[in-house]
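Topology and contacts: notes
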2 protein chains.
Amino acid sequence: METRSPQKRRLATHQRLVDAAQDIVTESGFAALRVEDVVARAKVAKGTFFSHFEDKDRLMALLIGREMDQILAQIAQAPPPDRVDDFAPAIAPLLAYMGQNRVVFDIVIRFSGAAAIETTELISVNFMEQVVLFAQWVERLQPNTIRDDVDTTLLAEGIQAFIIQAIALEFCALHNSVNVEDRLAPYLRAWLTAPRSAQ
Amino acid sequence: METRSPQKRRLATHQRLVDAAQDIVTESGFAALRVEDVVARAKVAKGTFFSHFEDKDRLMALLIGREMDQILAQIAQAPPPDRVDDFAPAIAPLLAYMGQNRVVFDIVIRFSGAAAIETTELISVNFMEQVVLFAQWVERLQPNTIRDDVDTTLLAEGIQAFIIQAIALEFCALHNSVNVEDRLAPYLRAWLTAPRSAQ
DNA sequence: GACAAAAAATGACCGTGGTCAATTACAAAA
DNA sequence: TTTTGTAATTGACCACGGTCATTTTTTGTC
């Protein structure tokens, strides 16, 4: 399998496309992102766009993934939560970003586990990094504050499941009075502490 | 607000559109569903389609919702699970249907909580019925087999969160060797039993 | 039955994502 | 420098979802 490294010109074009797209999103939001506008701003033909990105969604996934990486990095370098009830606030910036917009949320869902093998999918990688971080948080508080009867990775993935759940409900007409963070909190409390045995 | 009941003709047209769509889906799957084909088969103009359905997604949501209703009804009339480990198998048919296809899953996600107020959205209603059913299952096994320290509705909604999680991972290249049911099981075990206290 | 008003249906038209055969720019070999 | 194979780009074109002014059908009233 022979793979040549791309020419400088190609890299420059790629950068121009990404920059143009980012500008449009910053100015008018994801919903207003049009391929034709992107190529016009980047001064390239439409076909060029699709030689750089499989489809429009991949470009959006790239922009969203970059942003999520930054947000996650900031979360990771902040002090870790000391109690279960501090988890939701700690995650809040990520929640806010992913739930800002239907379009963004859909892309996140679509690419979150999409192709965990491809390291080119930033969102997918980001989700795996989230799991690692959450698992660290969990281990740090085990076994006193957090249950230790379940694999930490499973606990971390469960947190992700509840994050998605909480954001999805955000778009539900019935629940939009409560904010995402508060909606997430009860799930995490139940999931992570598991106070009393049933049996 | 004056709302006239529709003419017979309109109802007939609606039915023809739905039937045509269902036929196409049955023959070629959701991914192959094209509005132009639907209207051709139903012998109506394109504009008529959009006077009956806000967009193509609503039609798909209708078809999917109908099917999910049938599946859920069958699940509901089967004997309820007696142990936590029987939950995933009991839910399996629903898992299989929602995870059959990317297109289906995306529609389900999009409309699951979409507008819980509108009773016209079958999927949304179906999800609420799922919660009711799961809550019944949970209550039946409390407090011996299932934890009773958490609101049953929250437990039921949590099950939904894990269902989504398990199906989403189904589309992930890394995990597609394990089947959905087996992927769901460990989450449910941890979520519902919560065997030992940490504190 | 003739007429008016409302409901239903029509199809030409548009916007936008995506394709691909043809063209141009580049880099290494001669 | 010229040649030549390949990478990169181009833009006319297509597919398909969705719109809306216009036309046809139905219904209620006299």
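These numbers come from a predicted model, not from an experiment.

What follows is about the protein's contact with DNA strand D. Around DNA strand D lies a shell of 23 residues, among which Q7(A), T13(A), A45(A), G47(A) and K56(B) are the nearest. Atoms of DNA strand D within 4 Å of the protein: sugar and phosphate make up 73%, bases the balance. Within the side chain of H52(A), an N or O atom sits 2.9 Å from a phosphate oxygen of DNA strand D. A distance of 3.1 Å separates a phosphate oxygen of DNA strand D from a polar backbone atom of V35(B). Of all the elements in the fold, those that place two or more residues in the surface near DNA strand D are α1 (8-28) and α3 (46-52) of chain A together with α2 (35-42) and α3 (46-52) of chain B. Ranked by residue count, the leading element in the surface near DNA strand D is α3(A), at four residues. Of the residues belonging to the surface near DNA strand D, the class tally is six nonpolar, seven polar and 10 charged.

All names here are of chain A. Between Q142 and P143 the backbone carries a cis peptide bond, its omega angle lying at -5°. Locating P143 in the fold gives a position in the loop between α7 (122-141) and α8 (152-170). Residues other than glycine seldom take positive phi values, yet K43 does so here, at roughly 60°. Along the chain, K43 turns up in the loop between α2 (35-42) and α3. Look at K43 and you get exposed, because its relative accessible area is 72%.

In the vicinity of DNA strand C there are 23 residues, among which K56(A), T13(B), A45(B), G47(B) and T48(B) approach most closely. The contact in question runs from a phosphate oxygen of DNA strand C to an N or O atom on the backbone of V35(A), over 3.0 Å. Residue assignment for the surface near DNA strand C shows that the elements contributing at least two residues are α2 and α3 of chain A together with α1 (8-28) and α3 of chain B. Across the surface near DNA strand C, the residue classes tally to six nonpolar, seven polar and 10 charged.

Here we take up the nonpolar core. Residues I159(A), W191(A), L192(A), I159(B), W191(B) and L192(B) are the most contacted members of the largest nonpolar core, which totals 136 residues. For this core, the leading source of residues is α8(A), giving 12 residues. The contact partners of W191(A), leaving out residues within four places of it in the chain, are R147(A), L154(A), L155(A), G158(A), I159(A), F162(A), F162(B), Y187(B), A190(B) and W191(B).

What counts and what doesn't
Residues numbered from 1 in each chain as written. Chains lettered and ligands numbered in written order. Predicted model: local features only at pLDDT ≥ 70, side-chain atom pairs only at ≥ 80, totals over all residues. Heavy atoms only, no water. Near = heavy atom within 4 Å. Polar contact = N/O pair within 3.5 Å; in protein donor to acceptor, adjacent residues only side chain to side chain. Helix = DSSP H or I, 4+ residues; strand = E, 2+ residues; numbered from the N terminus. Nonpolar A, V, L, I, M, F, W, Y, C, P; charged D, E, K, R; others polar. Buried < 20%, exposed > 50% of the residue type's maximum accessible area, 1.4 Å probe, protein only. Core = buried A, V, L, I, M, F, W, Y, C linked by side-chain atoms within 4.5 Å. Contact = heavy atoms within 4.5 Å.

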